[in-house]
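Below, each chain spelled out in residue letters.
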Amino acid sequence: MVEPTVAVLVTGGAGFIGSNFVLHAMATHPEWRVTTLDKLTYAGRLENLRDVINDPRHRFVEGDVADPAVAGPLVKESDIVVHFAAETHVDRSLHDAGAFITTDVYGTFVLLDAARQAARVRRFVQISTDEVYGSVESGSSTEHDELKPRNPYAASKAGADRLAYSYWATHGVPVLVTRASNNYGPRQFPEKIIPLFVTNAIDHLPVPLYGDGRHIRDWLHVEDHCRAIDLLIDKGTDGEVYNIGGGNEVRNVDLTHRILTELDRPTSLIRPVEDRLGHDRRYSVDTTKLQNLGWRPRHGFDEGLRATVAWYRDNEWWWRPIKEADPAYRDYYATQYGTRTSHQTGSSGT
Ligand code: NAD
Ligand code: TYD
């Protein structure tokens, strides 16, 4: 029996990637005691943690990372901090960016400032995103590339990313920054393209494809992302940035076709809608630096997408209450999609 002596604080652990990380951590690190700090916003759900909620090695604390009275003591008693908590949806940041600044920027500041005063913290992982590089016309972003965020979500994450770096450069806080590409997998909130399109298609509802549908994202399975973070906690270097990407660059229109094929639904469900404002055309990250530490993605996109579609098909208990009974979700859906006029671009069926 291993004594759980390493105290790990996971912020945002009731969300999509955070919950996958908590489950991964509990399964692979018997020496860890994990505390999840989460505000339980619309995107945070306790059921995401149901497999560990009664485990004596796990503790759940409901609270705001931007509240020093709550976050400060938790940081100070930790050996490792993995900071996922954020407002994360680009479209929401276009409607109202305030919460993005408060949580993603100010909340990160609160945690870093607590870590500055905490002798115990030996690793602070700032979970950033490849969106901080902005739209990538050609090639792939390396960790040294300029940051050119182009929407309020990406800009708030870029602020937090560099703020974290500054706490390493000035105060010596043991910060390491990760910039991952688009994640997919179980328990992703059904506002992001894959769970939204899969659950709409299950219900024979239209899937709203923005603009010409030729925007490209690099898809990373959430389990591969969690394995990369775990590796970096052990083998990463303070003050460094690490890209994490799946190596699966796919146009949205092709992704949509694959989802519909998987669910045996007709392409007539594709509804081309008005484009997102400032829609980044392509993200692409160079992951050589991480691969040099020995990481490789284990999930191929064909298999990973098939398994993900199957997960949503088999777990309606998880998403149906959100989509059908949560007034906040229904309000968001109406605001985001209700006023979008159908505008045919002629490319979505190709
Ligand atoms: P998510 O929206 O599913 O979950 C976010 C979690 O943070 C929720 O549980 C929410 O309740 C919590 N939270 C929000 N504000 C909080 C606050 N003020 N205090 C405490 N908790 C709060 O997000 P996700 O997709 O799991 O993303 C997690 C992290 O990974 C984010 O930092 C995001 O920027 C980053 N990231 C995401 C992706 C992706 O494709 N989803 C890719 C790269 C990086
Ligand atoms: P999203 O899942 O919101 O992730 P991000 O904007 O962080 O990359 O969107 C992924 C891609 O899918 C992006 O190019 C926008 C597009 N998209 C649609 O075409 N329709 C939708 O309803 C949504 C939510 C996204």
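It should be noted that the structure appears before, not after, this text.
A few points on the structure. (Residues numbered from 1 in each chain as written. Chains lettered and ligands numbered in written order. Predicted model: local features only at pLDDT ≥ 70, side-chain atom pairs only at ≥ 80, totals over all residues. Heavy atoms only, no water.)

What follows is about the overall build of the chain. Scanning the chain from N- to C-terminus turns up 12 helices and 12 strands. Against the compact-globule benchmark of 20 Å for 350 residues, the chain has a radius of gyration of 20 Å, which places it among compact chains. Principal axes of the C-alpha set define a box for the chain whose edges measure 60 × 45 × 40 Å. A separation threshold of at least 6 residues defines the contact pool for the chain, and within that pool the share at least 24 residues apart is 83%. Accessible surface computed for the chain: about 14100 Å², of which carbon and sulfur atoms make up 50%. (Helix = DSSP H or I, 4+ residues; strand = E, 2+ residues; numbered from the N terminus. Rg over C-alpha atoms; globule rule 2.2 N^0.38 Å. Contact = heavy atoms within 4.5 Å. Areas by Shrake-Rupley, 256 points an atom, 1.4 Å probe, with all protein chains shown as cover.)

Attention now goes to the site of ligand 2. The immediate surroundings of ligand 2 are formed by 20 residues, with Glu-131, Pro-208, Arg-276, His-279 and Tyr-337 found nearest. A distance of 2.6 Å is found between an oxygen atom of ligand 2 and a side-chain nitrogen or oxygen belonging to His-279. Protein chains shield 98% of the accessible area of ligand 2, which is 510 Å² for the free molecule. When grouped by side-chain class, the residues that make up the shell around ligand 2 number nine nonpolar, five polar and six charged. (Near = heavy atom within 4 Å. Polar contact = N/O pair within 3.5 Å; in protein donor to acceptor, adjacent residues only side chain to side chain. Nonpolar A, V, L, I, M, F, W, Y, C, P; charged D, E, K, R; others polar.)

So, on to the packing of helix α8 (residues 252-262) against helix α10 (residues 301-314). Geometrically, a packed helix pair is captured by the angle between its two axes and the distance between the axes. One way to put it is that α8 packs onto α10 with a least axis distance of 10 Å and a crossing angle of 55°. In terms of their interaxial angle, α8 and α10 are classed as oblique. When the axes of α8 and α10 are compared, the crossing they make is right-handed. Side by side, α8 and α10 meet where Leu-255, Arg-258, Ile-259 and Glu-262 of the first sit next to Phe-301, Asp-302, Leu-305, Arg-306, Val-309 and Arg-313 of the second. The class makeup of the residues in the contact of α8 with α10 is five nonpolar, no polar and five charged. (Axes fitted to C-alpha atoms, helices over the stretch in contact; angles between N-to-C directions. Parallel < 35°, antiparallel > 145°, perpendicular 65-115°, else oblique. Left-handed = near helix turned anticlockwise from the far one by under 90°.)

This part is about the site of ligand 1. Around ligand 1 sit 28 residues in total, of which Ile-17, Asp-38, Thr-88, Tyr-153 and Lys-157 are the nearest. About the coverage of ligand 1: the protein hides 97% of its 840 Å² of free accessible area. Broken down by secondary-structure element, the contributors of at least two residues to the shell around ligand 1 are α1 (16-28), β5 (123-129), α5 (152-171) and β7 (182-184). Ranked by the residues each element gives to the shell around ligand 1, the list is headed by β5, at three residues.

The next subject is the nonpolar core. Ranked by internal contacts, the top residues of the largest apolar core, which has 34 residues, are Phe-21, Trp-32, Val-82, Ile-229 and Ile-244. Every element with two or more residues in this core is listed here: β1 (6-11), α1, β2 (32-38), β4 (80-83), β5, β6 (175-180), α7 (222-235) and β10 (241-244). Core analysis: the next-biggest nonpolar cluster, separate from the first, contains 32 residues, Ile-259, Val-273, Tyr-312 and Trp-318 among them. (Core = buried A, V, L, I, M, F, W, Y, C linked by side-chain atoms within 4.5 Å. Buried < 20%, exposed > 50% of the residue type's maximum accessible area, 1.4 Å probe, protein only.)

An order of β3-β2-β1-β4-β5-β6-β10 is seen for the seven strands of this open sheet, with the pairing classed as parallel. Each edge of the open sheet carries a strand with a single partner, namely β3 (58-62) and β10. The mean angle between the axes of side-by-side strands here comes to 20°, regardless of whether they run parallel or antiparallel. Here six bridges tie β5 to β6, and the two strands are oriented parallel to one another. In the strand pairing of β6, Ser-128 is matched with Arg-179. Together, β1, β2, β3 and β4 form the strand contacts of helix α2 (residues 68-76), whose direction differs from that of β2 by roughly 165°. (Pairing = 2+ DSSP bridges.)

Between helix α11 (residues 316-325) and helix α12 (residues 327-338), the shortest axis-to-axis distance is 5 Å and the interhelical angle comes to 65°. Comparing their axes, α12 and α11 come out roughly perpendicular. The segment α11 lies against α12, with Ile-322, Lys-323, Glu-324 and Ala-325 engaging Pro-327, Tyr-329 and Arg-330. Tallied by class, residues from the contact of α11 with α12 come to four nonpolar, no polar and three charged.

Inspection of the secondary structure assignment puts Asp-130 in the loop between β5 and α5. Arg-217 is the oppositely charged side chain nearest to the buried, salt-bridge-free Asp-130, at an N-O distance of 7.0 Å. Not counting the four nearest positions on each side in its chain, Asp-130 is found in contact with Arg-179, Ala-180, Ser-181, Asn-182, Tyr-283 and Val-285. (Lys, Arg positive; Asp, Glu negative; His and termini not counted. Salt bridge = Lys/Arg side-chain N within 4 Å of Asp/Glu carboxyl O.)

By definition, the strands of a sheet pair up through backbone hydrogen bonds, in either a parallel or an antiparallel sense. Spatially, β7-β9-β11 is the arrangement adopted by the three strands of the open sheet, whose pairing is mixed. The open sheet has two free edges, formed respectively by β7 and β11 (249-251), since each of these has just one partner strand. Averaged over all pairs of adjacent strands, the angle between their axes in this sheet comes to 50°, without regard to strand direction. The pairing of strand β9 (residues 216-221) with β11 spans three bridges and is antiparallel. Within β11, the residue paired with Arg-217 across the bridge is Val-250.

With that out of the way, let us pick up the pattern of salt bridges. Taken as a whole and judged by the stated rule, the model has 23 salt bridges. Here Lys-289 and Glu-240 are joined by a salt bridge, their closest N and O atoms 2.6 Å apart. Of this pair, Lys-289 sits in helix α9 (residues 288-291) while Glu-240 sits in the loop between α7 and β10, and the two are 49 residues apart along the sequence. We note a salt bridge from Arg-258 to Asp-302, for which the minimum N-O separation is 2.3 Å. Placement of the pair is Arg-258 in helix α8 and Asp-302 in helix α10, with a sequence separation of 44 residues. The network of salt bridges with shared partners includes Asp-203, Glu-316, Arg-320 and Glu-324.

None of this, on its own, says anything about what the molecule does.
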